[in-house]
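Report on the structure
The primary structure of each chain is shown beneath.
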Amino acid sequence: MSDGFVHSVKVPRIYKITANIVRCVQEQGASLKGLIYEKKHPNVSGIYALSVNTLKAGLQLDVLLEKTQILTEQPRLDPWLTRVLITELLWGKKHLHGPSKPIQTILSYADLLQKELENLESTRSSATPRKVQRPRYVRVNTLLLSIREAISLFKEEGWKLLTKSESYSSYLQSLALLSEPYFLQDFHVPEVLAFPSSTSFYDHAGYRNGKLILQDKASCLPAHLLDPKENSHVVDLCAAPGMKSTHLAAKLQNKGTIYAVEIDKRRFETLREQIELTHSSCVEPHNQDALTFNPKECHRVHYVLVDPSCSGSGIIDRPKLSNVDGEVEPERLQNLQSIQVYLLRYALLNFPNVKRVIYSTCSVHPEENEKVIDEVLGNVGDAYRLVSIKDMLKENWLNFSSPEYQCGDKCLYSKPDVDLCNGFFVAMFERNFEVPLPECKRKGGNANLDRSNLNAEENNITENDGKITKKVSRKKKKRGKKKHKSSMIDEQTDETSGQAGEFEKNVETKNGKVDEPGDVIDNEKATLNESEDTPQTAKSKKSKRKRKLNDNEDASQVEDNEKNKETIEICDVEEMEQDEEVSSTSSKKKKKKKEKKEHEEVVEIDDDVKKSKEGQTESVKEKRKKKNKKVIEIDNDE
């Protein structure tokens, strides 16, 4: 190579970051979007575009590197950085700038690379027919910009709007022939605009400020078909990255509430950023498992969107990670199907006031689509009806689910080669309120939820009853303590007034040698035994107290308690377990206190006995003194 290379000059940061991302995706199977968004790079759109193009051109790059022998002749070149730089030169900006050695090395092979690429493309074009490219779809965020304002904005930039087609077939023809400077308004979703496939919006001001959303038409169909009304409550069970949640917010015009649920923490942060960017103030993000969504919110939910994780087999511009990419393993499909069934079953059986539920995937596999619908139909019975989207759209859609399955042709399919958008599946359920929701004990069903949250509307009453019961039990405990103290004082006074013989019986009784009924000491021992009850007897006493409280409650409270019998039983078990722990610890403390009191009582009785004996000796002495005085007085008289 020439002496013109400047070794001290670094490669531009965007190329080094992209090379590292591509390496992690290829070698470790990491998530492309996760690697890009988690570190919050300053030029996210540029890194994402370059990473996707490098991954998509993987097979072509393998051929070019083999033909040109760049890595063999330049062993110091990083292979991943080489792939990124070649991608930028041939399919990206079509040029490279900078005096760094890696860039200058790739530029020295530019002519050879271009020649080998032309040979490769000519071979491919003769072997395979050219596919129609998918247009670039843009959704107008109607929270910040009206559709009319968006169309006027693009016209000011030099774009020309084509006349709206009268039929879906004529629209598809116009879409296939779309080229600059023309654009189209979508036939089904009016807020979606279609531009030529080569159009880039990453640097557009509307994209950066959240007024324009780069979202495929197929991804807009679920929110469009769900069609929630203003001031309603909606749940998006698998919300990240937030495209559908923010689309629903635009449908509601921020009048209502959307619960956006996402279990993955990293994707949840992306969801929050999307909500903030689009000013979707009615969206409440929840970082939790969708199957643990708060049942108290369920009674207010009217619409549910279920768009679970899937194989992504319908995404046509997804970069291939390997030569077998796109061929999903049967075991993975089965695992995905199980999760999808759980989520859809949960959505249908745990929202009692829901009107409509949409299930969608970006997959073309029946295992994730028709088979999921068929399994769930067996769980819901007549409580829901599967809406025929075919009858809704009539001749304005071409692809539907297979009649071979129980769901028939009622569900919608989008085919990339026909509908010129990503492959997608959409099914719609509508509630039949004349039939109650069936009980289902399978995962995602409502049996466990109903048992733990029986009569959710009466939760406040149950909580208040529990507070009253706790207050009454506390008062009873205080009264019992006062009575116990007074009885102990009476016993102490009785014992101190006893004789020395009684003191001896007391000592023998405490040693276990004498047990005569009727004695004061025996009564003390009985009270000690009562205070040293086992946890089981304490538990039975506790339950008896609760029964007495329940008998004294009003008739209305008794009826409420009968309705909530199962929840009360569960609470009783938990309280009895807690009572066992409390009683065991309290009994130990009582034992220690009683032992101290017994010791004090013995000492007091000993003192009394000593005093009585001393009193007796003193009285004898005084009598003797009096006699002596009398004798002396008589002697004196004499």
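The name given to the protein chain in an unreviewed UniProt entry is Probable 28S rRNA (Cytosine-C(5))-methyltransferase, with the source organism recorded as Dinoponera quadriceps. Among the UniProt annotations of the protein chain, the heading Sequence similarities (unreviewed entry) holds the following wording: "Belongs to the class I-like SAM-binding methyltransferase superfamily. RsmB/NOP family."

1. So, the sheet that holds strand β3 (residues 182-185)
Pairing is mixed across the open sheet formed by 5 strands, whose spatial order is β2-β3-β4-β1-β5. A single partner strand is all that each edge strand has here, and the edge strands are β2 (160-161) and β5 (212-213). Pairing analysis gives 2 bridges linking β2 to β3, with the strands arranged parallel. Pairing of Leu 161 across the sheet is with Phe 183, part of β3.

2. Some details on helix α14 (residues 265-278)
Between its first and last C-alpha, α14 extends 20 Å over 14 residues, near the 20 Å set by a 1.5 Å rise per residue. Listed as buried for α14 are Phe 268, Thr 270, Leu 271, Gln 274, Ile 275 and Thr 278. All buried residues of α14 lie within an arc of 160° about the axis, which places them on one face of the element. Those residues of α14 that are exposed and angled more than 90 degrees off the buried face are Lys 265 and Glu 276. Two to three positions downstream of the cap, the backbone nitrogen of Arg 266 sits 3.2 Å from a side-chain oxygen, assigning the N-cap of α14 to Asp 264. Phi turns positive, to about 60°, at His 279, one or two residues after α14.

3. So, the packing of helix α1 (residues 13-28) against helix α6 (residues 79-90)
Two numbers describe how α1 lies on α6: the axes approach to 8 Å, and their chain directions differ by 115°. For the element pair α1 and α6, the recorded crossing hand is right-handed. Here Tyr 15, Lys 16, Thr 18, Ala 19, Val 22, Arg 23, Gln 26 and Glu 27 of α1 lie close against α6, whose contacting residues are Trp 80, Leu 81, Val 84, Leu 85 and Glu 88. Tallied by class, the residues present in the contact of α1 with α6 amount to 7 nonpolar, 2 polar and 4 charged.

4. As for the UniProt feature "active site" (unreviewed entry) in the protein chain
With numbering matched to this structure, UniProt assigns "active site" (unreviewed entry) to Cys 362. Relative to the elements of secondary structure, Cys 362 occurs in the loop between β10 (356-361) and α17 (370-380). The contact partners of Cys 362, leaving out residues within four places of it in the chain, are Cys 310, Gly 312, Ser 313, Gly 314, Ile 315, Gly 423 and Phe 424.

5. A few points about the environment of Leu 305
Along the polypeptide, Leu 305 turns up in strand β9 (residues 303-306). What makes Leu 305 buried here is its relative accessible area of 0%. When the C-alpha positions of Leu 305 and Leu 226 are compared, they lie 7.5 Å apart, and in sequence the two are 79 residues distant. Sequence-distant contacts of Leu 305, that is, excluding residues within four places in its chain, are made with Pro 222, Leu 226, Val 235, Asp 236, Leu 237, Lys 244, Leu 248, Ile 358 and Ser 360.

6. Points about the confidence of the model for the protein chain
Confidence in the prediction of the protein chain, expressed as mean pLDDT, is 77, and 64% of residues score 70 or more. This model gives residues 448-472 a pLDDT under 50, and the stretch forms 26 contacts once residues within four places in sequence are excluded.

7. As for helix α7 (residues 101-108)
For α7, the complete set of buried residues consists of Pro 102, Ile 103, Thr 105 and Ile 106. All buried residues of α7 lie within an arc of 160° about the axis, which places them on one face of the element.

8. Topic: the pattern of salt bridges
Overall, the coordinates contain 14 salt bridges when judged by the stated rule. Residue Arg 345 is joined to Glu 375 by a salt bridge in which the shortest nitrogen-to-oxygen separation is 3.6 Å. In this pair, Arg 345 sits in helix α16 (residues 330-349) while Glu 375 sits in helix α17, placing the two residues 30 residues apart along the sequence. Judged by relative accessible area, Arg 345 falls into the buried class, the value being 1%. For Glu 375, a relative accessible area of 29% gives the class partly exposed. Salt bridges here are not isolated pairs; linked through shared partners, they connect Arg 356, Arg 385 and Glu 430.

9. Observations regarding the packing of aromatic side chains
Counted by the stated rule, this structure contains 16 aromatic pairs. A ring pair is formed by Phe 293 and Phe 351, whose centres lie 6.4 Å apart and whose planes are at 40°; its orientation type is tilted. Note that Phe 293 is positioned in the loop between β8 (283-286) and α15 (295-298) and Phe 351 in the loop between α16 and β10, a separation of 58 residues in sequence. The buried category is assigned to Phe 351, whose relative accessible area is 0%. Aromatic ring contacts, followed pair by pair, group Phe 154, Trp 159, Phe 183, Phe 195 and Phe 201 into a single cluster. Positioned above the aromatic ring of Tyr 413, the side-chain terminus of Lys 415 is 4.6 Å from the ring centre.

10. Some points on the pairing of strand β4 (residues 192-195)
Burial along β4 is two-sided: Val 192 and Ala 194 facing one way and Leu 193 and Phe 195 facing the other are all buried. Here 4 bridges tie strand β1 (residues 136-140) to β4, and the two strands are oriented antiparallel to one another. In the strand pairing of β4, Arg 136 is matched with Phe 195. Here 2 bridges tie β3 to β4, and the two strands are oriented antiparallel to one another. Note on β4: the bridge partner recorded for Gln 185 is Leu 193.

11. Considerations on the pairing of β9
Burial along β9 is two-sided: Tyr 303 and Leu 305 facing one way and Val 304 and Val 306 facing the other are all buried. With 3 bridges joining them, strand β6 (residues 232-236) and β9 adopt parallel strand pairing. Bridging across to β9, Asp 236 finds its partner in Leu 305. The pairing of β9 with β10 spans 4 bridges and is classified as parallel. By the bridge assignment for β10, Val 306 is matched with Tyr 359.

12. A closer look at the side chain of Gln 274
Within the element layout of this structure, Gln 274 appears in helix α14. Residues in contact with Gln 274, not counting those within four places in the same chain, are Ile 213, Pro 241, Gly 242, Met 243 and Thr 246.

13. Considering the environment of Asn 43
Along the polypeptide, Asn 43 turns up in the loop between α2 (32-38) and α3 (44-56). Using a relative accessible area of 33% as the deciding quantity, one classes Asn 43 as partly exposed. Sequence separation of Asn 43 and Tyr 202 is 159 residues, and the distance between their C-alpha atoms is 9.8 Å. Only 3.1 Å separates the side chain of Asn 43 from the backbone nitrogen of Gly 46, close enough to count as a polar contact.

14. Observations concerning the nonpolar core
With 48 residues, the main nonpolar core has Tyr 137, Tyr 171, Leu 175 and Ile 258 as its most contacted residues. Looking at this core, you find at least three residues from each of domain 2 (136-214) and domain 3 (217-431). Of all hydrophobic cores here, the second largest spans 37 residues; its members include Cys 298, Leu 344, Phe 351 and Ile 373.

Quick notes on the rules
Residues numbered from 1 in each chain as written. Predicted model: local features only at pLDDT ≥ 70, side-chain atom pairs only at ≥ 80, totals over all residues. Heavy atoms only, no water. UniProt positions renumbered as here; feature names shortened; annotations may be inferred. Pairing = 2+ DSSP bridges. Helix = DSSP H or I, 4+ residues; strand = E, 2+ residues; numbered from the N terminus. Expected span 1.5 Å × (residues − 1). Buried < 20%, exposed > 50% of the residue type's maximum accessible area, 1.4 Å probe, protein only. Arc of directions from axis to C-beta. Polar contact = N/O pair within 3.5 Å; in protein donor to acceptor, adjacent residues only side chain to side chain. Axes fitted to C-alpha atoms, helices over the stretch in contact; angles between N-to-C directions. Left-handed = near helix turned anticlockwise from the far one by under 90°. Contact = heavy atoms within 4.5 Å. Nonpolar A, V, L, I, M, F, W, Y, C, P; charged D, E, K, R; others polar. pLDDT = per-residue confidence, 0-100. Salt bridge = Lys/Arg side-chain N within 4 Å of Asp/Glu carboxyl O. Phe/Tyr/Trp six-rings, centres within 6.5 Å; stacked < 30°, edge-to-face > 60°. Lys NZ or Arg CZ within 6 Å of the ring centre and 35° of its normal. Core = buried A, V, L, I, M, F, W, Y, C linked by side-chain atoms within 4.5 Å. Domains from an automatic or database assignment.

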